[in-house]
Amino acid sequence: MHPNHAHRLLGVRHPLVHRQRDNKRSVPSGNRGNRGYSFRYPVLRLHSLVIHPLIPTDMAKRRSKTVEQECRYNIQQSLSWLKKAAKFGDGDAYDRIGYFYTLGEGVEKNDSLAFENFKKAAELKSANGALNLGVQYMLGCGTIKDLKESEKWYIKAAEYGNAEAAWRLYAMYTNGDSFPKNEIKAEEFLQKAVKAKHPEACYLIGARYYWGKSVEKNYQQAFIYWKLAADQGHLD
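Nothing here was measured: the structure is a model prediction, and the numbers come from that model. (Residues numbered from 1 in each chain as written. Predicted model: local features only at pLDDT ≥ 70, side-chain atom pairs only at ≥ 80, totals over all residues. Heavy atoms only, no water.)

> Looking at this model, I keep getting lost on the overall build of the protein chain. Mind explaining?
Looking only at helices and strands, the protein chain features 10 helices and 3 strands. Ordered by position from the N terminus, the helices and strands of the protein chain form the series α-β-β-β-α-α-α-α-α-α-α-α-α. Each of the 236 residues in the protein chain was classed as buried or not, and the buried ones make up 36%. Restricting the contact set of the protein chain to residue pairs at least 6 apart, pairs at least 24 apart contribute 42%. Surface accessibility of the protein chain: about 14,600 Å² in total, with carbon and sulfur atoms responsible for 50%. (Helix = DSSP H or I, 4+ residues; strand = E, 2+ residues; numbered from the N terminus. Buried < 20%, exposed > 50% of the residue type's maximum accessible area, 1.4 Å probe, protein only. Contact = heavy atoms within 4.5 Å. Areas by Shrake-Rupley, 256 points an atom, 1.4 Å probe, with all protein chains shown as cover.)

> In this structure, what is going on with unusual backbone geometry? I would like to understand it.
Both trends apply: most residues other than glycine have a negative phi, and most peptide bonds are in trans. The phi dihedral of Lys197 is positive, around 65 degrees, even though this residue is not glycine. Relative to the elements of secondary structure, Lys197 occurs in the loop between α8 (183-195) and α9 (199-211). A relative accessible area of 43% places Lys197 in the partly exposed class.

> Would you explain the packing of aromatic side chains in this entry?
Note on aromatic pairs: each is described by the distance of the centres and the angle between the planes. All chains considered together, the criterion is met by 10 aromatic pairs. Ring centres of Phe115 and Tyr137 lie 5.3 Å apart, and the angle between their planes is 90 degrees; this geometry places the pair in the edge-to-face category. Placement of the pair is Phe115 in helix α4 (residues 111-123) and Tyr137 in helix α5 (residues 127-139), with a sequence separation of 22 residues. Pair check on accessibility: Phe115 and Tyr137 agree, each one buried. (Phe/Tyr/Trp six-rings, centres within 6.5 Å; stacked < 30°, edge-to-face > 60°.)

> Whenever I open this one, the packing of α8 against α9 confuses me. Can you help?
For any two helices packed against each other, the geometry is given by the interaxial angle and the distance between the axes. Between α8 and α9, the least distance of the axes is 8 Å, while the angle of their chain directions is 110 degrees. In terms of axis orientation, α8 runs roughly perpendicular to α9. With respect to the hand of their crossing, α8 and α9 are arranged in left-handed fashion. Residues Glu187, Leu190, Gln191, Ala193 and Val194 of α8 form the contact with α9, whose participating residues are Ala201, Cys202, Leu204, Ile205 and Arg208. Its residues assigned to classes, the contact of α8 with α9 comprises 7 nonpolar, 1 polar and 2 charged. (Axes fitted to C-alpha atoms, helices over the stretch in contact; angles between N-to-C directions. Parallel < 35°, antiparallel > 145°, perpendicular 65-115°, else oblique. Left-handed = near helix turned anticlockwise from the far one by under 90°. Nonpolar A, V, L, I, M, F, W, Y, C, P; charged D, E, K, R; others polar.)

> Quick question: what am I supposed to make of the environment of Gly161 here?
With respect to the secondary-structure elements, Gly161 resides in the loop between α6 (147-159) and α7 (163-175). Residues Gly161 and Lys192, spaced 31 residues apart in sequence, show a C-alpha to C-alpha distance of 8.0 Å.

> Looking at this model, I keep getting lost on the nonpolar core. Mind explaining?
Membership of the largest hydrophobic core comes to 42 residues, with the highest contact counts inside it found for Leu133, Tyr154, Leu169 and Phe179. Those elements that provide at least two residues to this core are α2 (57-87), α3 (91-103), α4, α5, α6, α7, α8 and α9. No other element matches the 7 residues that α7 contributes to this core. What Phe179 contacts, discounting residues up to four positions off in sequence, is Met138, Leu147, Ser150, Glu151, Tyr154, Leu169, Met172 and Tyr173. (Core = buried A, V, L, I, M, F, W, Y, C linked by side-chain atoms within 4.5 Å.)

> Would you take a moment to explain a nonpolar patch on the surface for this structure?
There is a patch of nonpolar side chains on the surface, built from Tyr210, Trp211 and Tyr219 and spanning about 390 Å² of accessible area. Assignment of secondary structure puts Tyr210 in helix α9. (Patch = residues over 30% accessible without salt bridge, like charges linked within 9 Å, V, L, I, M, F, W, Y side chains within 5 Å. Salt bridge = Lys/Arg side-chain N within 4 Å of Asp/Glu carboxyl O.)

> It is not clear to me how the environment of Asp146 should be interpreted in this structure. Could you clarify?
Mapping Asp146 onto the fold places it in the loop between α5 and α6. With 10 residues separating them in the primary sequence, Asp146 and Gln136 have C-alpha atoms 9.0 Å apart. Engagement of the side chain of Asp146 in a polar contact is seen with the backbone nitrogen of Glu149, the distance being 3.1 Å. (Polar contact = N/O pair within 3.5 Å; in protein donor to acceptor, adjacent residues only side chain to side chain.)

> It is not clear to me how the packing of α9 against helix α10 (residues 219-231) should be interpreted in this structure. Could you clarify?
Close contact between α9 and α10 brings their axes to 8 Å; oriented N to C, the two are set at 165 degrees. Judged by the inter-axis angle, α9 sits roughly antiparallel to α10. Between α9 and α10 lies a crossing of left-handed hand. Residues Pro199, Cys202, Tyr203, Ile205, Gly206, Ala207, Tyr209 and Tyr210 of α9 form the contact with α10, whose own contacting residues are Tyr219, Gln221, Ala222, Tyr225, Trp226, Leu228 and Ala229. Of the residues that constitute the contact of α9 with α10, the class distribution is 13 nonpolar, 2 polar and no charged.

See the structure below:
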């Protein structure tokens, strides 16, 4: 599985997989002779390193390589501490270890070991672990594909307060994607997603109030839910 696809499915972000979008920053250049003007240049971000376009390419590459080496060292350190925490019954630690095995970061990629760690995490009531175990069963990664087990662990993840699990359940029950269509369950998990402040769920409820779909029109309520969605990072 491609790392980008894996991190999107697992609902987590990794420093070596997720790269911030290139952005632009305006910088005044001051006056040159009698001409005053400003110019814009792109700021490239690689592993949180800002590279100015005027820095020679070889220097930028050396700096990038140094940061990458530090990241790899930090991954090894992280794994070491996560394994210690897991021995003490930390479910979230098992979940993170499973994620490393999924991507092959710091360890050799191994779907079976990823599945085992997600399973231990889920059994220790880790919300993320339960969600990721549901994903493993859905895709058949490290185990036999089993949609019943997938549904079971998605539901448990939502019950443990995982907003992403609740939102995905709403979508799947609404569309009949992977699980049979069920409007009652769809609405139940939409409300759970809203309670857990999932941005898409909050936006959807706001739209219902704005357009009067399934509820009486109420612009004030629409604003409240849209603001809540925006506070959680929704771009619309």
